[in-house]
Structure formats: structure tokens, C-alpha cells
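Chain and residue survey
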Amino acid sequence: MPCYDFKILDPIDFENLTNDLLSKHLNVQIERFKSGKDMGIDGRFSSSRDETCIIQSKHYAVSGFPALLRTLKHTEKNKINKLSPNRYILSTSVPLSPQNKDEIKATLAPHIKCTSDIYGKDDLNALIARFRGIERQHYKLWIQSSGVLRSLLNAATYNLSDQFLRDAIESSNSYVVTNSHKQALEKISQTNTLVITGEPGVGKTTLAEQICLHFVAEGYSLIAVEDNIQNARAVYSNTEKQIFYFDDFLGSNFLETLRFNEDAKIMKFIKLIQDASNKKLVLTSRTNILDRGYSLGQFNTPAKLKSKEYLLKIQEYTEEEKARILYSFMWKSGLSQDYLGEIIARKKYLHIARHKNYNPRILEFITSRDHCQDIPSDEYWSFISKSLKNPVDVWDHPYSNQLDDFARGMVDLVVLGDSSVNEESLQYAYNNFVAAGGHSARTPSPNDFYSVSKELARTFINRNESHYSYGKSPERIVRYTPFNPSISDYVLNKYKNDPLRFSEMLLLFKEDKGLTILKKIFWQDEDLVHNVAGIIAQKLENNIFMRGMSFSIKLGSLLNEQDFKEVYKDVSFEYIKNELQEIETGSNAIEFCDRFVATKKCPINDIFQLFCLLFRNTYGSNDLEEISERALTYSWDEAQRSELENAFAKNYIPAWTDEIAYDFINDNMEECSTLGEGDYDDENYCYGPSVEVDETYCLSLQKSSLDL
């Protein structure tokens, strides 16, 4: 028999569970009433024309029997006397002994006819055992049931998926199953792929988590995809039930995604999932970014991705669903009655539910004890009103008043480190921040890296630990991300008004890590990026190249034309050529070289040398194709054309071959399932596919890309 203590349920959940169980048990249709002052009626039915039975549910699992008895004696008894029902049924989450039931019967006499009309914790568990279908209907109960929870915690996961799974289980405690949940579940059941999109804070990630949790409970292994879809393809199993989750799959800069051909790879993977009976794929993206993605690349055919999209809209939540979500956050908040009373008083919760800026992310924020603990209860409603009016600034109070300069600095660095920064890089930048001064500790707390990061964990930043195994060399990777995406919005909005401070913080990072965030926001605010990049160039003056060629290339692509000319006016062609020889190049290098040769008005022979160098030091087929397209804009003599073709082919053929072989395996998993089986010589065995390639054919095939 199940043994729920029902603490996972809020009072409304418990009331609904009681009515469902008693409806089945008594074989009656129970009337239900909206939340609010119920006058002592949580459910009602008629056993005959003249007899009315009232059901009251009391969720006192935490308070216990003494508190329950006091409430019945001093509050409920008067309500029942006024109602004067023919029959009164009490349901409670409190475990009851025979003596407890006798006390309740005596307290509520003459309304309770017999103790069998009193249902305690054990009675309700017995009914759940009889009516298993009801357990499944109550999401929180089912997902936390011993059998399902055991399967969740023992589920096969990969990389970040274990932590993701535990976070999803924790989130289920306050999750409200809305009509959106049911619709999304129906769509993924039909298409195998679900693209959840919506505005920031609408609840995309939460919905995605719970959809994934549903299928893990059904026996699927979870793979949380990080960075790119190739990570998912690497662990794809033809026979295993798997669900893949890729949060923010286009990133904040979809142009970078398209540049590296990630869109085509995603579409190939979606096709693979679509044709599999034991696979599911969940992706999330902000609506504005997804719409831009539709206009370019592989996503521009609506039938390919649009049919799998589920647009999550706040406007489609009913007022009751909005109130239930708010109530759930309040129930789990840990705030005292003084604070919660400010929301309940004069039905202010309706003002929140009906507000144009209603948003689950804001609800989570305004009901968080961590963020509201230093606000007096009589000022709490003003805080709520301000947060609803200016949702972008919801982090202003906790950021400005609850953190000292060191903690604020670390939060800023996590965001400016591209909102996903590895521990080594963050620690390097933070130590530079401390050494640079310009801050004052407001508290006696330690300001070392680990003390501050621990203080911020689960309130402002998340610490995610992953373990990868490549052959016999396991690798541990620790990354830090903002606790909530809106923190990134808040911090970046703050820095947009202070480009000088922006540049100073970016320079705290090692090498070119600090410039990544500028590339991501380039399409949002080109003038700001040019301004910050220009300030960085001025600060470094002649020391730009001391940070490495990769830094110089990235910074050069962010400068406006005038600043680029000023920065590189005294840099020689030979210096650039020598520096490029020392690094692996790519399509980003061609942008830099284009601007450099134009600024210097380099002769064709110098440009020829650069292209030869780029072809030799670039190893990605997509990057090589982009460089070749740029090469087509120049006129070469016969000898130059021949040498460029050879330089191009030397790297392109193996890169193209590997990609074709990889795609072939993933497109033909059934046929390749026995790859590597049989006898082989361990020393000479080649791990992976062996594909014979006619190099002459490949060269002729690529004339369209490099017709020199």
C-alpha cells in the first residue's frame, strides 16, 4: 500500500485529491467550488433528494493533530452549525488513531454520524491503493511516488543530465499542471519532437523539465544536450528509450548557430528522432530568436520545425490557473503569515493574476524568502507592485541590498563570461577583480572565490558539475551559470549604461573569453559593442597582441572601421602572417584578414599568402567553404590557383570525409549497429568507420566551392 504523507501537496491539491478519491469510493458526483472563502464546503453531493453531504478537507500534515483539533473546535464547528448538513465528511492529511477519530467525532457532534466518515492519512492511502488511476491523475503525487521516484533517481543519464533531473524533481514540488502541460504532452506524443517557445520568464524551461520528467518516469534515459547537437548524437542508442533535452538550442546569437551549420545538424537529428519509436526530443527557444531562425538557414521551411512548435503564452492561462500558480509559489515560499497576508488581504492576489506583466518568473521572485527577507512585511505589497510594474528590474533590490561588492562582482563575471563560464576561467577573472580594488567589503564574510561562490549558489548562480570520459582519461568540468536567465538581462542592462566599466570587467578574463559576450549581443546593440571594443583597444594600446592572436582576431571583428584602422595602422603584414601560422584558424579569421588587407591595401601576392595560410590551418569543412567563397572574389594567376586548390583540398577532403561518414552512420543506425563486431587485431584496429575516398572525384566535386 502507498504511504504518502501528502506534504508534497498544497491545500488545493489535497482538496482535489480528496474529492477525486471520495467520488470513486462513494460512487457519487461531487460538486466542486472555486478557491476562496468556502464557508466550510470543499465538496458537496446529494445522496437523495432531501439529503446533502458536505466534504471538508484539512491539510494539516505539518501542523499535526492538536492544531487540527483546535481549528475544528474553534472555527469549523460554527460553520457546520450554520450549514446544518445531513451528513458531514472530514478528510485530513494527519495520521489518526481510533482515539483521535473519537475526539473529532465528539468535537463535531452531532454532524459526524460515525467515525467512518473521518478519513485520515492511512485511510486516504488505502483509497489510493484501490484507485491507482487517481494517483496518476495527480501529477505531484505520481511523480513523487516511491516506484516512480526510484526509477527517476536510478535512470540512466549523461553528463549534466543527472543534476538536471534532480532539479526537475525539486521543481515538481511546486509545479501546477495547466492545460499547456497537457497540450505539450499531446504534441510530443504525436511528433516525437517538441519545440517550446515563448517570451522570457513565461515558464518554457519549467514546462520542458516536467515533460522530460514524465518520460523518464516512463522508462526513458535522459540526455541534457550542452553546446551543440553533436553531443546528443554521440550517445544516441538505436535500441534504448531516450529523451534528449536541448535548452535554448539557438542560443542568444542564432547567427553563430547558422554559421557553424548547426541548424542543418539539428534538422538531421530531428529527422532521426521523428522516425524512431523510442525517442523524444525537447527544445526551447525565445520566440524572437526562433522567428529570426525561421527566416534563415535550415529552419526556413515551416513544415520542418514549425509543426513541432508549442508556443507557451501567458495569455492562454486561465485566471484560475494563474491564481493556482501563485498559490503554489506562496505555499512553498516559507514566508510568514505577515507577508502572505499582504497578498491575501482584500483579494490582492487577483490584482497579481490579472496584471499585464504576470509572469511565473516574477512570481517565483516576489515569493522567495531569500529575496524578501530584509523587506518589512508592511512594505511587502509595495515591493510586489514595483516588481510587477518594472519586471526587468526585479533583481535590483536583492542585487543592490543583499550582496556586497565581492558577491556582485562574481555575479557580473558569470554573466559577462557568456552566462556559462568554467570554474578555472571564472576564478581567474574573480581573482583579478579582487586584486584590482575598487570595491569595499560590507560584511565580515570571507571574500575568497570558494566562499563567495558558495554564498551565491542557488540564489544568484548555479554550479554545475559534469564528468566526461574520453577513453581512459575521465575529465571533470565545473561550470557556473546565472540562477535565472533574468539575472543576465538585469546585469547586461546595467552595463549597457556604463561602457567603461563594461570594458574593465571584460579585461579581467584570460585571453579572449571576455569578448564572447560582445559577439553575442552585437546584433542587439551594434553601437554599444563598437564602443566597448574601442575602449578595450585604447586601454591595451600596443599590448593587444600580448593576449594572443585569437584575442586580436575577435577584437578586430568588433571594432568599427575607424578604430580598426587606428589600432592596426602600425602592425605589419609579416607580423600578422607569422602570428596566424601559430594558431588554428577558421571563418572568423577571414573576417579579420579581410579588414586588415583592405586597411593596408595589401598587394595580391600578400593576400595570396594569407589564403594559403588560412586553408592550411583551418580544419572544419564549413569554415573552409566560407574561406573558399571569399577567395573567389579575387583574381589569381594559374600558379596561384593551383596552389590554393591543393591547400584547400589537403584539409577539406579529410574533413568532408569524416562528416559524410558520420552522417551516414547516424542516418543508417540499423545497418551500422554491428559496426566493430567480429575478430580484429587490437593493435591495428581502427576505431570508427573506414571510408575510401577518390580524391580526384572530391576535387572535381568541390570546383563549385573553389573554382579557381
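Residues numbered from 1 in each chain as written. Predicted model: local features only at pLDDT ≥ 70, side-chain atom pairs only at ≥ 80, totals over all residues. Heavy atoms only, no water.

Quick look at the confidence of the model for the protein
Considering every residue of the protein, the mean pLDDT works out to 82; 82% of them sit at 70 or more. For the protein, helix 37 (residues 695–701) is the element with the lowest average pLDDT, namely 41, and strand 4 (residues 118–119) is the one with the highest, namely 97. A low-confidence stretch, residues 669–708 (pLDDT under 50), is modelled with 46 contacts involving residues beyond four sequence positions or located in other chains. (pLDDT = per-residue confidence, 0-100. Helix = DSSP H or I, 4+ residues; strand = E, 2+ residues; numbered from the N terminus. Contact = heavy atoms within 4.5 Å.)

Some remarks on the packing of helix 29 (residues 526–540) against helix 30 (residues 549–558)
Running from amino to carboxyl end, helix 29 crosses helix 30 at an angle of 135°, the nearest separation of the two axes being 8 Å. When the axis of helix 29 is compared with that of helix 30, the two are oblique. Read as a crossing pair, helix 29 and helix 30 show a hand that is left-handed. In this structure, helix 29 uses Val529, His530, Ala533, Ile536, Ala537 and Leu540 to contact helix 30, whose residues at the interface are Phe551, Leu555 and Leu558. Class assignment for the residues of the contact of helix 29 with helix 30 results in eight nonpolar, one polar and no charged. (Axes fitted to C-alpha atoms, helices over the stretch in contact; angles between N-to-C directions. Parallel < 35°, antiparallel > 145°, perpendicular 65-115°, else oblique. Left-handed = near helix turned anticlockwise from the far one by under 90°. Nonpolar A, V, L, I, M, F, W, Y, C, P; charged D, E, K, R; others polar.)

Focus: the packing of aromatic side chains
Applying the stated criterion across every chain, the model contains 32 aromatic pairs. On the numbers, 5.8 Å between centres and 65° between planes, the contact of phenylalanine 564 with phenylalanine 592 is edge-to-face. Highlighted residues: phenylalanine 564 in helix 31 (residues 561–568) and phenylalanine 592 in helix 33 (residues 587–600), separated in sequence by 28 residues. Each member of the pair, phenylalanine 564 as well as phenylalanine 592, is classed as buried. On the basis of an interplanar angle of 80° and a centroid distance of 5.3 Å, the ring pair of tyrosine 568 and phenylalanine 592 is categorised as edge-to-face. Of this pair, tyrosine 568 sits in helix 31 while phenylalanine 592 sits in helix 33; the two residues are 24 residues apart in sequence, bridging distant segments of the chain. By way of ring pairs, the aromatic residues Phe608, Phe611, Phe615, Tyr634, Trp636, Phe648 and Tyr652 are connected into one cluster. (Phe/Tyr/Trp six-rings, centres within 6.5 Å; stacked < 30°, edge-to-face > 60°. Buried < 20%, exposed > 50% of the residue type's maximum accessible area, 1.4 Å probe, protein only.)

Details of helix 32 (residues 573–580)
Residues three or four positions apart in an α-helix share a direction because the helix packs 3.6 residues into each turn. Among the residues making up helix 32, those that are buried are Phe573, Ile576, Lys577 and Leu580. On an axial view of helix 32, the arc spanned by its buried residues comes to 100°, and they lie on one face. Looking at the buried positions of helix 32, the neighbouring elements they touch are helix 30, helix 33 and helix 34 (604–617). (Arc of directions from axis to C-beta.)

Quick notes on empty space enclosed by the protein
Taking a probe equal in size to a water molecule and rolling it over the atoms shows the remaining empty space. Evaluation of the coordinates by the stated rule reveals two cavities of 30 Å³ or more. Considered as a void within the structure, the second largest cavity measures approximately 50 Å³ in volume. What lines the second largest cavity is simply Ile590, Cys593, Asp594, Val597, Ile607, Leu610, Phe611, Leu614 and Tyr634. Split by residue class, the lining of the second largest cavity holds eight nonpolar, no polar and one charged. (1 Å grid on protein atoms, 1.4 Å probe; cavity = no way out; pocket = protein on both sides within 12 Å on 5 of 7 lines; lining within 4 Å. Points joined across faces, edges and corners; volume = space filled by probe spheres on them.)

Quick look at the pairing of strand 9 (residues 279–286)
Extensive coverage of strand 9 is indicated by the burial of seven of its eight residues. Alignment of strand 6 (residues 193–198) against strand 9, held across six bridges, turns out to be parallel. Note on strand 9: the bridge partner recorded for valine 195 is leucine 283. (Pairing = 2+ DSSP bridges.)

Notes on the nonpolar core
One recurring pattern in soluble globular proteins is that nonpolar side chains are buried together. One finds Phe502, Leu518 and Ile536 to be the most contacted residues of the largest nonpolar core, which totals 140 residues. Contacts of isoleucine 536, omitting those with residues within four sequence positions, involve Ser503, Leu506, Leu507, Leu515, Leu518, Phe551 and Leu555. In terms of nonpolar packing, the next biggest core, distinct from the first, is built from 20 residues, Leu9, Cys53, Leu127 and Phe131 among them. (Core = buried A, V, L, I, M, F, W, Y, C linked by side-chain atoms within 4.5 Å.)

Section: the pattern of salt bridges
Within the structure shown, the criterion is met by 26 salt bridges. In this structure, lysine 101 engages aspartate 123 in a salt bridge whose closest nitrogen and oxygen atoms are separated by 2.8 Å. In this pair, lysine 101 is assigned in helix 3 (residues 98–107) and aspartate 123 in helix 4 (residues 121–130), connecting sequence segments 22 residues apart. Residue classification places aspartate 123 among the partly exposed residues on the basis of a relative accessible area of 28%. (Salt bridge = Lys/Arg side-chain N within 4 Å of Asp/Glu carboxyl O.)

Things to note about the side chain of threonine 193
Among the structural elements, threonine 193 can be located in strand 6. On the accessibility criterion, threonine 193 (0% relative accessible area) is buried. Those residues within four positions of threonine 193 in sequence are excluded, and the remaining contacts are Ile188, Ile270, Ile273, Leu281, Leu283 and Lys308.

Focus: the side chain of serine 333
One can find serine 333 in helix 16 (residues 319–333). Within polar-contact distance, the side chain of serine 333 engages the backbone oxygen of methionine 330 at 2.8 Å. Every residue in contact with serine 333, bar those within four places of it in the chain, is listed here: Leu340, Thr367 and Arg369. (Polar contact = N/O pair within 3.5 Å; in protein donor to acceptor, adjacent residues only side chain to side chain.)

Notes on the packing of helix 24 (residues 423–436) against helix 25 (residues 449–456)
Axis separation between helix 24 and helix 25 bottoms out at 11 Å; the angle between their running directions is 110°. Between helix 24 and helix 25, the angle falls in the class roughly perpendicular. Where helix 24 crosses over helix 25, the handedness of that crossing is right-handed. Every residue of helix 25 that contacts helix 24 at Glu423, Leu426, Gln427 and Tyr430 is listed here: Phe449, Tyr450 and Val452. By residue class, the composition of the contact of helix 24 with helix 25 is five nonpolar, one polar and one charged.

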